[in-house]
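Commentary on secondary and tertiary structure
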Amino acid sequence: MSNPGMKLSDRIAKIKGATLVKSFCYSCPWNCPTEVYVRDNKVVYVKGNEDAPNNIGTRCSKGMASWWMTQDPDRLKYPMLRTNAKGQPGEFKRISWDEAFTFIADKLKSIAEKHGPEAVALTCHHDPNTQFYRHLLGDLYGSPNMYTHTSGCEMDRRSACLTLFGHPFPMHDFVNSKYVILWGMNMLGANQGLFESRALLEAKKRGAKIIVVDPAFTETAQKADEWIPINPGTDGAMALAMCQHIIAEGLHDKEFVKKYCEGFDGFKDHLKDKGYTPEWAADKCGVDADTIKRLARGFATTKPAMSAIFKGSGYYTNGNDAGRACYILDAICGQVDGPGNLHLKDWAPVGMPLDIPEEAKRKPEKEPLHAAMGYPIAPDLPNAQLPKAVIEGDPYPVKALFVQSTNPVMSDPDRDKMLEMFKHLELAVACEVLMSETALECDIVLPETSFYEMAEVRQGLWLGAEAIICQPAIEPVGESKPPYDIAKGIAQKMGWGEHFAFEHWEDWAKTATADLPGGLEQLKERGFWSQPPKFNKLADCLGTKTGKIEIYSHAYADSGFNPYPDYTERSVIPDDDYPLQVTHSKLSMHCNIVTQNNPLLMEICPENWVEINASDAAKYSIEDDQMVVIESPKDNITIRAKVVQGLVPGAVSIRHGHGFGHWAMGSVAKGKGAHSNNLMEIHTNPVTGANCYNECKVRVRPA
Ligand SMILES: Nc1nc2c(c(=O)[nH]1)N[C@H]1C(S)=C(S)[C@@H](COP(=O)(O)OP(=O)(O)OC[C@H]3O[C@@H](n4cnc5c(=O)[nH]c(N)nc54)[C@H](O)[C@@H]3O)O[C@H]1N2
Ligand SMILES: Nc1nc2c(c(=O)[nH]1)N[C@H]1C(S)=C(S)[C@@H](COP(=O)(O)OP(=O)(O)OC[C@H]3O[C@@H](n4cnc5c(=O)[nH]c(N)nc54)[C@H](O)[C@@H]3O)O[C@H]1N2
Ligand code: SF4
Ligand SMILES: [Mo]
C-alpha cells in the first residue's frame, strides 16, 4: 500500500520509477504549471502541478498529449541552409551550428552597413525567452523592430485595455462574478488556461448569469444562461447602445465614474449626438431592442459583473471601437478590478535575464515600423503590412526577418502575399521545432529545443501575481538548442560574446529571479510562485496619460483618431455573388497550427470543418458531413461541412488549424483539413493594426 499521506505527485513518481521535474506547458499560450515525469531521458507522464492555483493538478487534452513533441520523428534536428532559389519550397542541406552562426552574422553585418539595423525585424511569440533575441537584435544590433504575433491575435483587446486602462493585459475573476457577458469569447472551446474555464463554470454553479454574444452557438454558449446570436462585426453597435441605455436610465455607477473615469460627460453627449440607441442597434445586430435593454439593465444592476472580450469582435476593421465599447460598459458600471470583475493582471517580480549595459546598446535612428507605417498607437507590428515594407520598401526597407515560434505564412491573411514577401528578403531565419510552412521559405532553419528540453522563467497567467519556470526535463532532441545558446552563438560571431557570458541556464535564471521571494531555488522546487489576486488597485495601476480610465482616449486624440468609440460598418459585406460572411473559431482539441502533427490529438480531431446554418445549407444544396468548396473573390478551399442550427444565417464558421502546408510540418498533419487564410485579402484595423480575418465574403457549393 502506498503511504496515504504521500502527495499524489510523489506517489506517481514512485510507481513509475521516474524523476519529477516542475515545469510549465507551452502547447497553448496559457502556460499551465506542469509536472513532468522522466525515466531514462523519456517523458513517461505529465500532469498539472497540483499546488498551482492555475490548474490544480490538471491539464487539458492538448497538454496531456504534448509529450509527443519529445518523440516526434519530424522534429528539426540540426541547422539547415537553403540550397535552391527562393520562390519555391525550400530544399536544404545540413550545416553545423558554427556555419549557421557565421552565415547569419555575416549577413547581419552587411545589412547593417547597407541599410542600417532598422532593416532587421523579429517576429515571435511573446515569451521572456525571446528576450535573448531582443537583447541581440534590439539592444546590441540596434533594431527597433522587435515584435510579436499580437496583430494576429489579441491586438484589439490589448489596444482597448491599454488605451482605456493603461494596462496591457486583462484577466477575468469569473468565480466571484454574478453577471458575465462574453462577447465572442469561447472560454470552453478556445480555453484561456484551465483556471478561467473552471472559474466560469464554478460561477455558474454559484448562480451567476452567463450571457454569450456570438454568431455561433459555441461550447460556451451551450453552457450559458443565454445565447445572443449577433450579426458578425456588430458588437460595437450593441455595446454602445447598452451604454446609452444604462446612462439614460441613470443606472451607471456615478461615484466610480467621478472618481476614476475621464470623459464621461462627453461620452454621454457623443452617444446622444450619434443616436446610438437600442432601437438604432437592433437591425444591425439582429438583436431586438428590448433584449438589448434587458441585458443593459441586468448588467448594470447586478454586481459584481463583467463584460469581457477576446478576439471575436476584433477580427473586423471596426474591432478596435467594438472592444473599447465592451470595456466602457465595465467602466461606467464601476466593474473594473474588483472581485468578480475584469481584472488588470498583477505582475510578479520577474526581471530581464541579461543586463546589457547602456553604453553597449545601439540606439536606432529610425522610428519602429508600426509608427512609420502610420499605426502609432498599435501595441505591436501590423503583421499583414510587413510585406509592403519588404517588397516595396514602404515605409522603409526591411531586408531580414527572424521568425521564432510563429508561422506567418499560415497564420496571417493573404498567404500569396506572405510567400511573395519571403522571396524579397536578403536573410530569413526560422527558429522552429518543425519544418513549418514559413521555415520552408527561409534561408536558414535553426532547430530549437521544445519546452520539455529547455529552461524559461516568465510571468504566469494566473489572476494574481505569478512567476513560473520551465526546466529542462530531457536532453535536447538532435542538435537542437535553446534560444539563449542560439542568440549567444550569433552574438559571439558579431563580437558581442561578453554580453552572453553565462554558461548554464541557472545563471541567467538567477538574474531574472533576483527579486522573487524564495529566488530560483524555491521556484525550481515548487514550479511556480504566486500571490492571491490584488483587487481595487486602480489608484495605483492605471497607466493612461491622465491616470484615469480614459473613456475619452487621449492616446486616440493625440494620434488624430476619434477619442470616443464610434460604430462604423465592417469593410467586406456579402453580396449576390458571394452571399456568406466568413467567421473563424478555434478547435478545442488543437491549438492554432501547433498540434496537427500530434497523432493522439489527430485521432480525436483529424480535420477542421466549416459550419453552416441549416437554412443556408438547404439554399445551397449542402448536406451535413459533405465536402464543399468555399470560394472567395481571391481563392477557394475544399473542406468538410457541418450543417448546424446554432449559427446566424448568412455566416459560415471556419474552424482554424489544419490544412495547406501541414505537408511541410509533418507526416501526420499532411493533407488533413483545409486552411482558410488565402481566402482573404489583407484588411488591417486602421488604429490597432490587427489582422481582420473575418473581413471576407464567400460562396459555398458541394465539392
Ligand atoms: N483549444 C484551444 N484553445 C486556445 C487556442 C486554440 O487554438 N485551441 N488558441 C489560443 C489563442 S492563441 C487565443 S488568441 C485564444 C482565442 O480565444 P477566443 O477568441 O475565445 O477564440 P476563437 O475560437 O478564435 O473565438 C472567436 C469566437 O468569436 C466568434 N465571433 C466571430 N465573429 C464575431 C462577432 O462579430 N462578434 C462576436 N461577439 N463573436 C464573434 C466566433 O464564433 C468564435 O466563437 O484561445 C487560446 N486557446
Ligand atoms: N484564419 C485564422 N487565422 C488565424 C487565427 C484564426 O482564428 N483564424 N488565429 C490567430 C491567432 S489568435 C494566433 S495567436 C495566430 C497564431 O499563429 P502563430 O503566430 O503562427 O503561432 P502558432 O500557431 O501558435 O505557432 C506557430 C509555430 O510555432 C511552432 N512552435 C511550437 N512550439 C514551439 C517551440 O517550443 N519553439 C519554437 N521555436 N517553435 C514552436 C510551431 O511549429 C508553429 O509552426 O494565428 C492567427 N491566425
Ligand atoms: S490550457 Fe494550454 S497550457 Fe494549459 S495544459 Fe492545455 S495546452 Fe497546456
Ligand atoms: Mo491568439
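Since the structure is predicted, the reported quantities are computational estimates derived from the model, not experimental observations.

On to the pairing of strand β19 (residues 466–470). Counting buried residues in β19 gives 5 out of 5 residues, a clear majority hidden from the surface. Going residue by residue along β19, you find Glu 466, Ile 468 and Cys 470 tucked away on one face and Ala 467 and Ile 469 tucked away on the opposite face as well. Both strand β18 (residues 456–459) and β19 contribute to a ladder of 4 bridges, which runs antiparallel. In the sheet register, Arg 458 faces β19, and the bridge partner there is Ile 468. With 3 bridges joining them, β19 and strand β20 (residues 528–530) adopt antiparallel strand pairing. Along β20, the bridge assignment pairs Glu 466 with Ser 530.

A few words now on the pairing of strand β15 (residues 400–404). Among the 5 residues in β15, 5 count as buried, and that is most of the element. By the alternation rule, side chains of β15 split into Ala 400, Phe 402 and Gln 404 and Leu 401 and Val 403, which are all buried. Direction of pairing for strand β6 (residues 120–124) relative to β15: parallel, over a ladder of 5 bridges. Within the sheet, the bridge partner assigned to Cys 124 lies in β15 and is Gln 404. Here β15 runs beside strand β16 (residues 427–432); their pairing, made up of 5 bridges, is parallel. Of the residues in β16, the one forming a bridge with Gln 404 is Cys 431.

For interface size, the figure often reported is the accessible area lost on association. For the chain, the assigned domains read domain 1 (80–150 + 349–452 + 476–516), domain 2 (170–339 + 546–558) and domain 3 (580–702). Relative placement of domain 1 and domain 2: their C-alpha centres are 38 Å apart.

Taken together, Cys 25, Ser 27, Cys 28, Trp 30, Asn 31, Cys 32, Arg 59, Cys 60, Lys 62, Gly 63 and Asn 191 are the residues near ligand 3. Across the shell around ligand 3, the residue classes tally to 5 nonpolar, 4 polar and 2 charged.

Another aspect to go through is the environment of Lys 481. Along the chain, Lys 481 turns up in the loop between β19 and α18 (483–494). Residue class for Lys 481 comes out partly exposed when judged on its relative accessible area of 23%. Residues Lys 481 and Ala 119, spaced 362 residues apart in sequence, show a C-alpha to C-alpha distance of 26 Å. Not counting residues up to four positions away in its chain, the partners in contact with Lys 481 are Trp 97, Phe 101, Pro 447, Glu 448, Thr 449 and Ile 486.

Lys 303 connects to Pro 304 through a cis peptide bond whose omega is -5°. The residue Pro 304 is located in the loop between α12 (289–301) and β13 (305–309) in this model. The omega torsion of the bond from Asp 394 to Pro 395 falls at 10°, within 30 degrees of zero and hence cis. Phi angles above zero are rare outside glycine, and Asn 41 is one such case at about 60°. Here Asn 41 lies in the loop between β2 (33–39) and β3 (42–48). A residue is classified by how much of its surface remains accessible, and Asn 41, at 42% relative accessible area, is partly exposed.

Phe 165, Leu 182, Trp 183, Met 238, Ile 332 and Ile 549 are the most contacted members of the largest nonpolar core, which totals 81 residues. With 9 residues, helix α8 (residues 235–248) is the single largest residue contributor to this core. What Phe 165 contacts, discounting residues up to four positions off in sequence, is Ala 160, Tyr 327, Val 336, Leu 342, Leu 344, Cys 541, Leu 542, Gly 543, Thr 544 and Ile 549.

Close to ligand 2 lie 26 residues; His 149, Thr 406, Ser 411, Glu 432 and Asn 677 are nearest. At 3.2 Å, a side-chain N or O of His 125 approaches an oxygen atom of ligand 2. The contact in question runs from an oxygen atom of ligand 2 to an N or O atom on the backbone of Ile 593, over 3.4 Å. Against a free-state accessible area of 910 Å², the protein chains account for coverage of 97% of ligand 2. When its residues are assigned to classes, the shell around ligand 2 shows 9 nonpolar, 13 polar and 4 charged.

What follows is about the sheet that holds β13. The 4 strands are arranged β11-β10-β9-β13 in an open sheet whose pairing can be described as parallel. Edge positions in the open sheet fall to β11 (226–228) and β13, since each of these has one partner strand only. Within the sheet, the average angular offset between the axes of one strand and its neighbour, ignoring direction, is 15°. Pairing analysis gives 5 bridges linking strand β9 (residues 179–183) to strand β10 (residues 209–213), with the strands arranged parallel. Paired with Ile 181 across the strands is Ile 211, a residue of β10. Sheet strands in contact with helix α13 (residues 319–332) are β9 and β13, and its direction is about 170° off that of β13.

Every buried residue of helix α19 (residues 505–512) is listed here: Trp 505, Glu 506, Trp 508, Ala 509 and Ala 512. Viewed end-on, α19 has its buried residues packed into an arc of 165°, placing them on one side of the element. The elements touched by buried residues of α19 are α4 (131–140), β18, β19, α18 and α20 (519–526).

The terminal C-alpha atoms of helix α3 (residues 97–115) lie 26 Å apart, and with 19 residues this matches the ideal 27 Å at 1.5 Å per residue to within 8%. Here α3 has its buried residues at Trp 97, Ala 100, Phe 101, Ile 104, Ala 105, Leu 108, Ile 111 and Ala 112. The arc enclosing the buried residues of α3, seen along the axis, measures out at 130°, which places them on a common side. Away from its buried face by more than 90 degrees, α3 exposes Glu 113 and Lys 114. The inward-facing, buried residues of α3 contact β6, α4, β15, β16, β17 (444–447) and α18. Just downstream of α3 lies Gly 116, where phi reads positive at about 90°.

Rules of the game
Residues numbered from 1 in each chain as written. Chains lettered and ligands numbered in written order. Predicted model: local features only at pLDDT ≥ 70, side-chain atom pairs only at ≥ 80, totals over all residues. Heavy atoms only, no water. Buried < 20%, exposed > 50% of the residue type's maximum accessible area, 1.4 Å probe, protein only. Helix = DSSP H or I, 4+ residues; strand = E, 2+ residues; numbered from the N terminus. Pairing = 2+ DSSP bridges. Domains from an automatic or database assignment. Near = heavy atom within 4 Å. Nonpolar A, V, L, I, M, F, W, Y, C, P; charged D, E, K, R; others polar. Contact = heavy atoms within 4.5 Å. Core = buried A, V, L, I, M, F, W, Y, C linked by side-chain atoms within 4.5 Å. Polar contact = N/O pair within 3.5 Å; in protein donor to acceptor, adjacent residues only side chain to side chain. Areas by Shrake-Rupley, 256 points an atom, 1.4 Å probe, with all protein chains shown as cover. Axes fitted to C-alpha atoms, helices over the stretch in contact; angles between N-to-C directions. Arc of directions from axis to C-beta. Expected span 1.5 Å × (residues − 1).

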